[in-house]
Structures are given as C-alpha cells and as structure tokens.
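# Inside the fold
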Amino acid sequence: MLSNLIVTNQKVVLIIDQLNRDRIALKFITSLLSEQGEGNDIKALPIGTQLKHVASFEALLRDCANNANNQQTNPTDPITTKTGYNVILPTLADLLCYQTPAFIFDYLNKLRQSEHVRRVFLWASPMHLQHPDADYILAGCEYLAELVLRLETDSTLSLISRKPGGGVTNKRYKCQVSKTEFQVKPLTEGADTTTSPATTIQETPDNASDPGRTFKIELDEDEVVARNALTLPYERTSEAEDGNIIYTPDANDDFDEEDPDEDLLI
Amino acid sequence: MAASVLLACGLNEQKLPGFVHISEESNVDGSFLISCILGQRLRISNAGTLLVCLQNHYQHYFNAGMRLGYNSNIFLGKTFNVIDVLSDMARHGLSSKWLRSPDGLTLTEQLVKDIREQLEKNYPNRSSYTILIDNLSILINLGASKQQVQQFCLDLADLAKAHDNLTVITKLSNSDIHPLTDNIFFKLGNVRIQVLRLKSGVFREVDGKLLIERVLDDEGSYSCEQTRKEVLYKVNDRNVKIFNLFLIGVKV
C-alpha cells in the first residue's frame, strides 16, 4: 500500500500530482493516514477565502500546541503514545492565490520545527500553478521536503526519500489505483521504459534473478517500513540535555589540590 | 429552441450543480450557451438570476433572448437582475466605479461586493439562484491579474458552498491561452463545458464541438471518476442544433 511508504518518520511530505487531481487532495492524504491508523490526529487549514487571513495559519499552529498539551495532561488518551499532529496544508495553488512564496516557505519551516507537528503534507499540481515563478517555488518546496511523492501517470509514481542521516533514495513504483485502494509495486528495471523520465534514477534492480551478487540488497515494502521506522542512536538528538560533561574519576588521576591561579590575585 | 443543447450539457434541470465553468477556445463563440442557460433559468418560476455583463452589454442578451424565444425584460427587476459593467463604463467613462477603484477596492473586489449585495437582497425570496458571469477574460483585459481573477472565482465558489440551490456559471474565453487558469476554475466545480473549434477547419453545417466533462459526486479517495461527452453544435438564427459525433459528414 502507498500509505506504508508515505506515512513514515519523514516530517515534510510533498505530493506532486501531474494528473490534475487537486480536488481530491485532502481525501487522498486523509485516506493514507487513516490506513496507518492516524486518521484521528489530523489538522487541516480551512480552504478558500479563509486563506487570505494570516491569523488562520497562526491559529492552526496554536491549536496543535494547545491540543498536544491537553493530551499530555490526559493520560487516558491513546494519542499520548505518538506526539503531535499530521497537518494537511491546502494545495500549493490555493496557498499561492492568497499568500506570498516567502510566507509559505516560512510557515512550512515553522511547521517543520514545531514539536507538536508530526508530519506536514503539501499537495502541488503543476497544472494548477499559475504563479510566474511557479517552477522555482515548487523546487523550493522539494528542497524543504523530506519525502517527495510524484504521481507521474495513472500507473507509475516515484518517491524520493531523504533520511535524517543524509541518505537519499529515489525509487519508482508501478501503481494500481482504485477508488479505495492504492497498491504499489517496485518498478523493475526496463519493465516500462516508455514512461520513465530520463531524469529519474532507477534503483530497483531485480537481484533475485542476478546470480552474480552475494547479498540481497533490495528491500521489499515491509522492510522499507521497518527501516524508516527505526531511529538510529546518532539520530536521537532530542535526548541530549544541556551538554553537561559527566566525568567518572579514575584511580590513577593526578589531581592538584592547590589552586594554580592563586598568585594572580583575582 | 435551446432545449437540446441544455440537455446535452446536463443543464436542463431545475437544480444545477454549484459551480459550472464554460471554457471557450480561441476563434469560437460560446455566448449562445449563456443565452440558452439564461432563458432556461428565467422560465423557472420563482428562480432568481443575476447576470454580470462583461463581454456584452445587457441589450445584447435581451436581443439574443428574443431570438431564442424569451423576453428577459419581463423578468427584469423581479426574478432577474443585471450588473451591467459594460454599459456603466460606456455611460460614465473614466469616472465609472469599475475603472477608478473607489474605496480602494480592486475591480474584482468591487464585483464581489456588488454580487454579494444582490444575493443578500434577492436570494432569501427565491427557490434557487443562478449567477451568470460572462466573461472572466474581460476582467484580465480590464487590468485584473490572473491571481485576482482566481481569488474572485474562489469567492464565488465559497458563496455557492455557503448557499443551498445557488449556482455560479462562469465563462472564460481564449482558454487555450490561459490553460492553467482554466484548470483552476474547473477544479472549483464539477462541470466544465469546453467550446472547441473543429480541428478539420470551417464547416458550413457545424460551428464547433462541445466537450462536456463532469466529475461524478461519489468520487473515491484515490481517484475521481470523470465522464466526457462530445457533441457538435450549429447556432442558427433562432435555435441551436446539436449533432452526435459521426452523424454528420460531407457527401461527395
């Protein structure tokens, strides 16, 4: 399922839709989250003319913070096991209709840094972006995003994933879309050369059929989910406290009892 | 007179979808659709209609209506109201409120304000209400940016969502020059009617093609089902004829 690949530890998710499906953006993202059992932790900005008021944007941030604090004080609430909310932004075309690119980037950054926000979803359809600098703005959003899903055709999609450690993967998938299900399957090399854009890098070789390789290096869907969910020790930045040095004296330490600066009359 | 074209477009019913967009390719004239829809709405008893004249002044719509078999003047001021931007500009010149931006409002903001006023005055007394805007390209010609036109349409779409039985019908000409703007307007509603010229050139029996795209209401979470229907049309003096594809050809 697509939701296994999208609902991961990556915080900023950009969906670039080349099929003009802006109208179902909210439903699409909500369904992905619901499939992963996160359908109740969703916050979305009001759409339409409400977007002209900066207060609506600030209210969403405040709302996330307030609700998160309330949930922490309520131990019976099941959400306490996962921190923060999934924020679904309006489509980029709607945002650009009322706000400047600078404001949008700034807001995206605020959401990214907020501890009360678990994930941010932004939907962009190039066919709906009529801003004169739309290409640059979309590139800027791609730069900020940690996960970029590109819905290329009815049957193919690509997924760029940036890990906190710096690793980047770019994979292409075959997809089978029905009204209620979005099934994906890694696209094997050379299976569909007509639809693959020249700019994307294929990283899904079929190793099972290659006897020359010693190790199985490709990952299936479940393994990708497990890998994305794992926080490595060096990524646990939130656990550090005040940078205190904890020193355990050794028996052979040679301490000087006298003050070496005694003669300075400080 | 115009029943067949409305039937083909699915606009012959009393209750219309909330937002309908007509996009007109360069070198074709889809104004007949506005006149046809106007006639159909006026004939429904107690249904209110507001016409925003941007491409033609009101007299044009009256004349077109007389040819199609209805007299819009009978309904004027009762169930039918007009915001005649063109006539106002012709009458007042540069001092027209549409050109000098009073109260610091832009052209589109002024238009939204006037539409809201009309709606507040007339909507409560009517069983349904239709706002016809002909056409949005003129707003761009009058100096509004595409972003302002987009905001204008979002305002109208919000009105349609906020009021039951309110339909907004917009038209954009030269849609092939503004494809992104056209896509955005289609997104606001579920129905788009494209008025297209014949790719094979000019033909005496047929003026052009109508492509009717309709997004079905029970759209799913991951895909939206869309129906497309194509018909040919011929605008005659007193009626509009519709032909199904492949039913008409050249006899050698």
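Here's a quick rundown of the structure. (Residues numbered from 1 in each chain as written. Chains lettered and ligands numbered in written order. Predicted model: local features only at pLDDT ≥ 70, side-chain atom pairs only at ≥ 80, totals over all residues. Heavy atoms only, no water.)

## Re the overall build of chain B
Scanning chain B for helices and strands turns up 10 helices and nine strands. In terms of overall dimensions, chain B is globule-like: its C-alpha atoms have a radius of gyration of 18 Å, near the 18 Å expected for 252 residues. Counting only C-alpha atoms, chain B reaches 65 × 45 × 35 Å along its principal axes. Expressed as a percentage of its 252 residues, the buried residues of chain B come to 54%. Across chain B, the fraction of contacts at a sequence separation of at least 24, relative to all contacts at a separation of at least 6, is 70%. Taken as a whole, chain B presents about 11400 Å² of accessible surface, with 50% of it coming from carbon and sulfur. Both charge centroids of chain B, one from 28 positive and one from 26 negative side chains, sit 6 Å from each other. (Helix = DSSP H or I, 4+ residues; strand = E, 2+ residues; numbered from the N terminus. Rg over C-alpha atoms; globule rule 2.2 N^0.38 Å. Buried < 20%, exposed > 50% of the residue type's maximum accessible area, 1.4 Å probe, protein only. Contact = heavy atoms within 4.5 Å. Areas by Shrake-Rupley, 256 points an atom, 1.4 Å probe, with all protein chains shown as cover. Lys, Arg positive; Asp, Glu negative; His and termini not counted. Charge placed at Lys NZ, Arg CZ, Asp CG, Glu CD.)

## Topic: the side chain of B:Asp182
Within the secondary structure, B:Asp182 sits in helix H10 (residues 179–188). When neighbours within four sequence positions are excluded, B:Asp182 is seen to be in contact with B:His21, B:Ser23, B:Leu172, B:Ser175 and B:Arg192.

## Some points on a nonpolar patch on the surface
Residues A:Leu230, A:Leu232 and A:Tyr234 make up a contiguous nonpolar surface patch of roughly 320 Å² in combined accessible area. Residue placement: A:Leu232 occurs in the segment after helix H7 (221–229). (Patch = residues over 30% accessible without salt bridge, like charges linked within 9 Å, V, L, I, M, F, W, Y side chains within 5 Å. Salt bridge = Lys/Arg side-chain N within 4 Å of Asp/Glu carboxyl O.)

## A word on the packing of helix H7 (residues 107–122) of chain B against helix H9 (residues 146–162) of chain B
Residues and elements named next belong to chain B. Here H7 crosses H9 at 15 degrees, and the two axes come no closer than 9 Å. As far as their axial angle goes, H9 and H7 are roughly parallel. Here H7 and H9 pass one another in a crossing that is right-handed. Facing Thr-108, Leu-111, Val-112, Ile-115, Arg-116 and Leu-119 of H7, the residues of H9 in contact are Gln-148, Val-149, Phe-152, Asp-155, Leu-156 and Leu-159. Residue classes in the contact of H7 with H9 are distributed as eight nonpolar, two polar and two charged. (Axes fitted to C-alpha atoms, helices over the stretch in contact; angles between N-to-C directions. Parallel < 35°, antiparallel > 145°, perpendicular 65-115°, else oblique. Left-handed = near helix turned anticlockwise from the far one by under 90°. Nonpolar A, V, L, I, M, F, W, Y, C, P; charged D, E, K, R; others polar.)

## Some details on the sheet that holds strand E6 (residues 191–196) of chain B
Residues and elements named next belong to chain B. Strands sit in the order E3-E2-E4-E5-E1-E6-E7-E8-E9 across an open sheet of nine strands; the sheet is mixed. Of all the strands in the sheet, just strand E3 (80–84) and strand E9 (240–244) have a single pairing partner and so form its edges. The sheet shows a mean angle of 20 degrees between the axes of neighbouring strands, taken without regard to direction. Of the strand pairs in this sheet, strand E8 (residues 226–235) and E9 are connected by five bridges, and their pairing is antiparallel. Pairing of Val-235 across the sheet is with Val-240, part of E9. (Pairing = 2+ DSSP bridges.)

## Some points on the pairing of strand E3 (residues 85–88) of chain A
Residue and element names in this part refer to chain A. With burial as the criterion, each face of E3 is covered, one bearing Tyr-85 and Val-87 and the other bearing Asn-86 and Ile-88. With three bridges joining them, strand E2 (residues 42–44) and E3 adopt parallel strand pairing. Opposite Ile-42, over in E3, you have Asn-86 as the bridge partner. In terms of strand pairing, E3 meets strand E4 (residues 117–124) through four bridges, oriented parallel. The residue bridging Val-87 from the neighbouring strand is Val-120, located in E4.

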